[in-house]
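If you want the building blocks of each chain, they are given just below.
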Amino acid sequence: MNVGRPVPRAGSTLQDSYAPELLYATFNQDYGCFAIGTQTGFRIFNSDPYKEKMRREFKDGGIGIVAMLYRSNYLAFVGGGRNPRFPPNKVMLWDDASSKIIAELEFRSDVLNVQLQRDRIVVILRNKCIICSLEAKPRHLHAFETADNDRGAMAISGTSDSGILAFPGRQKGHIQIVDLHSCINLAAMQDSSSLGSPQLGPAVQRTRSRSRGSFSTDSAAAIAPVSSSSLQQQQQPSGASVHPTNINIIAAHATAISALAVSSDGTMVASASEKGTLIRIFDTMSGRLLHELRRGVDRADIHSIAFSPDNTKLCVSSDKGTVHIFNLDGKHPNNQQSSSSLSATAAAGNRQSNLKFMKDLLPKYFSSEWSFAHFRVANEVRCICGFGTERNSVIVLCADGTAQKYSFDSYRGNCVREWYRKFI
């Protein structure tokens, strides 16, 4: 998430709450770590328990975008800030084991988002989504046209054996779904015995020690550091052809897509539009609408959407300074009589209107599902959220330079802040 200081609003007093050195914040694929880009470098943290794992300070500029590859020694950078270390139209692949750039990708326009998979680099430009191979000399595999995507909306499933990518379609409000594993290099398949596996590095494994340049911790699964020589061995023939990939198109919203999330197993995609009142969840294979969740009535900028590891809950953060938590497991509250138009929350169920039985006669608002739990962060600054390693917990990264952990009661919906840490 770009957490740079926004354009000042008339009469706003929130500008002073933003950390001036902070440019970017993002979680890794399983939300176990997070990375920040600053005016002078980048830092890596363990999410919970909170701990700074490493930092790199550069004398010649800032990092405007940073992307992690699980807990490996590989990261992707785009320059940013007052004095960008790298051009805004280049993606630089960094090997922290050797503390140097090992590959770069140059584009004709500024890069708005980057994400890494085990063998893919996905880059978002204003009107394109570009997929490249993750190797010593990255190769262009696919380029998809999109509608204007100034927010850089894009999401990839978190597990290494699932490669479902979601990004805006060519028409406003549409989503394109691509299986990254279907971007097959035909020559590589034929010569797989001599070229070896196209994946980057060994399989995910549990480790008891941390090698130099790795961000692994004793309590979490990690990918061991990978050497540049292993990338060289993966290099494939430059003239190899790429098999066309199948694309699913989902007509999700009437207005432009502003935020996307894909479940860890790649079976579901969640989306929000620039209106920011509804979050819709679709089946990635069939395109069928599974859930329609209401964040609120007023327009809002959705900053992040995240699925829980078991795909039974969803958390959403917005510019209203709130984080909403929704249930996805199909349970609904009983229709209890109440003076309020919204019924009380039952066990892990979303709130619904007591007038839902008249949904065919009333506006769509009355058939909506509302979050069963929500909380407000301090200062109402930009923030992103993700589920923590502990059950019923959410980690929030805020543009004021703070990380916060909240726990929630899945029955009553009560939320409690467990800790608050300043990371910059």
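In this text, all values refer to a predicted model and were calculated from it rather than measured experimentally.

The rules behind the values
Residues numbered from 1 in each chain as written. Predicted model: local features only at pLDDT ≥ 70, side-chain atom pairs only at ≥ 80, totals over all residues. Heavy atoms only, no water. Core = buried A, V, L, I, M, F, W, Y, C linked by side-chain atoms within 4.5 Å. Buried < 20%, exposed > 50% of the residue type's maximum accessible area, 1.4 Å probe, protein only. Contact = heavy atoms within 4.5 Å. Helix = DSSP H or I, 4+ residues; strand = E, 2+ residues; numbered from the N terminus. Phe/Tyr/Trp six-rings, centres within 6.5 Å; stacked < 30°, edge-to-face > 60°. Polar contact = N/O pair within 3.5 Å; in protein donor to acceptor, adjacent residues only side chain to side chain. Lys, Arg positive; Asp, Glu negative; His and termini not counted. Salt bridge = Lys/Arg side-chain N within 4 Å of Asp/Glu carboxyl O. Pairing = 2+ DSSP bridges. Axes fitted to C-alpha atoms, helices over the stretch in contact; angles between N-to-C directions.

A. Molecular detail of the nonpolar core. Membership of the largest hydrophobic core comes to 37 residues, with the highest contact counts inside it found for Phe 77 and Val 91. Once residues lying within four places of it in the same chain are set aside, the contact partners of Phe 77 are Phe 42, Ile 63, Ile 65, Val 66, Phe 86, Lys 90, Val 91, Met 92 and Trp 94.

B. Geometry of the environment of Lys 59. For Lys 59, the position within the fold is in the loop between strand 4 (51–57) and strand 5 (62–68). Using a relative accessible area of 90% as the deciding quantity, one classes Lys 59 as exposed.

C. Molecular detail of the packing of aromatic side chains. Tallied over the entire structure, the rule returns 18 aromatic pairs. Between Phe 77 and Trp 94, the ring centres sit 5.8 Å apart and the planes meet at 45°, which makes this aromatic pair tilted. Taken as a pair, Phe 77 in strand 6 (residues 74–80) and Trp 94 in strand 7 (residues 90–95) lie far apart in primary sequence, 17 residues in all. Under the relative-accessibility criterion, Phe 77 is labelled buried at 0%. Among the residues examined, Trp 94 registers a relative accessible area of 4% and is labelled buried. Members of the aromatic cluster, each reached through a chain of ring pairs, are Phe 27, Tyr 31, Phe 34, Phe 45, Tyr 50, Trp 419 and Phe 423.

D. Main features of the environment of Lys 320. Its location among the elements puts Lys 320 in the loop between strand 24 (313–318) and strand 25 (322–327). Lys 320 gets classed as partly exposed once you look at its relative accessible area, which sits at 32%. As for Lys 320 and Val 381, which are separated by 61 residues in sequence, their C-alpha atoms are 8.3 Å apart. Beyond its immediate chain neighbours, meaning those up to four positions away, Lys 320 contacts Arg 295, Asp 298, Arg 299, Ala 300, Arg 376 and Glu 380. Within polar-contact distance, the side chain of Lys 320 engages the backbone oxygen of Arg 299 at 3.4 Å.

E. Up close: the side chain of Lys 313. Within the secondary structure, Lys 313 is located in strand 24. An unpaired buried charge is present at Lys 313: no salt bridge exists, and Asp 329, the closest side chain of opposite charge, is 5.6 Å distant. Ignoring sequence-local partners within four residues, the contact set of Lys 313 consists of Ala 306, Phe 307, Ser 308, Phe 326, Leu 328, Phe 372, Phe 387, Asn 392, Phe 408 and Ser 410.

F. Representation of unusual backbone geometry. Omega for the peptide link from Asp 48 to Pro 49 comes to 5°, which places this bond in the cis form. The topology assignment puts Pro 49 in the loop between strand 3 (41–46) and strand 4. One non-glycine residue, Tyr 31, adopts positive backbone phi at about 65°. Considering the arrangement of structural elements, one finds Tyr 31 in the loop between strand 1 (22–27) and strand 2 (33–38). Of note, Tyr 70 is a non-glycine position whose phi angle comes to about 55°, a positive value. Looking at where Tyr 70 falls in the secondary structure, it is placed in the loop between strand 5 and strand 6.

G. Region of the structure containing the pairing of strand 15 (residues 174–179). Summarising burial for strand 15: five of the six residues are buried, a large majority. Note: strand 14 (residues 164–168) against strand 15, five bridges, orientation antiparallel. By the bridge assignment for strand 15, Ala 166 is matched with Ile 177.

H. Structural view of the sheet that holds strand 2. Pairing is antiparallel in the open sheet, where four strands are placed in the order 1-2-3-4. Strands at the two margins of the open sheet, each flanked by one partner only, are strand 1 and strand 4. Between one strand axis and the next, the sheet turns by 15° as a mean value, whatever way the strands run. In terms of strand pairing, strand 3 meets strand 4 through six bridges, oriented antiparallel. Looking at the pairing, Gly 41 lines up with Glu 57 of strand 4.

I. Geometry of the sheet that holds strand 10 (residues 120–124). Read across the sheet, four strands follow the order 9-10-11-12 without closing on themselves; strand pairing throughout is antiparallel. With one partner strand each, in any of the chains shown, strand 9 (113–116) and strand 12 (140–145) form the two edges of the open sheet. Ignoring which end each strand starts from, the neighbouring axes of this sheet average 15° apart. The pairing of strand 11 (residues 128–133) with strand 12 spans five bridges and is classified as antiparallel. The partner of Cys 129 across the bridge, within strand 12, is Phe 144.

J. Region of the structure containing the side chain of Glu 292. Mapped onto the elements of the fold, Glu 292 is located in strand 22 (residues 289–294). For Glu 292, a relative accessible area of 17% gives the class buried. A polar atom in the side chain of Glu 292 sits 2.7 Å from the side chain of Arg 280.

K. Seen up close, the pattern of salt bridges. Per the stated rule, a full pass over the model turns up 16 salt bridges. Between Asp 96 and Arg 56 there is a salt bridge whose closest N-O contact spans 2.8 Å. Here the residue Asp 96 occupies a position in the loop between strand 7 and strand 8 (100–106), and Arg 56 occupies one in strand 4, the gap between them amounting to 40 residues. Since its relative accessible area comes to 26%, Arg 56 is described here as partly exposed. Between Arg 126 and Asp 150 there is a salt bridge, with the nearest N and O atoms lying 2.8 Å from each other. Here the residue Arg 126 occupies a position in the loop between strand 10 and strand 11, and Asp 150 occupies one in the loop between strand 12 and strand 13 (155–156), the gap between them amounting to 24 residues. Using a relative accessible area of 51% as the deciding quantity, one classes Asp 150 as exposed. Among the ionic contacts, a cluster of salt bridges with common partners joins Asp 48, Glu 390 and Lys 405.

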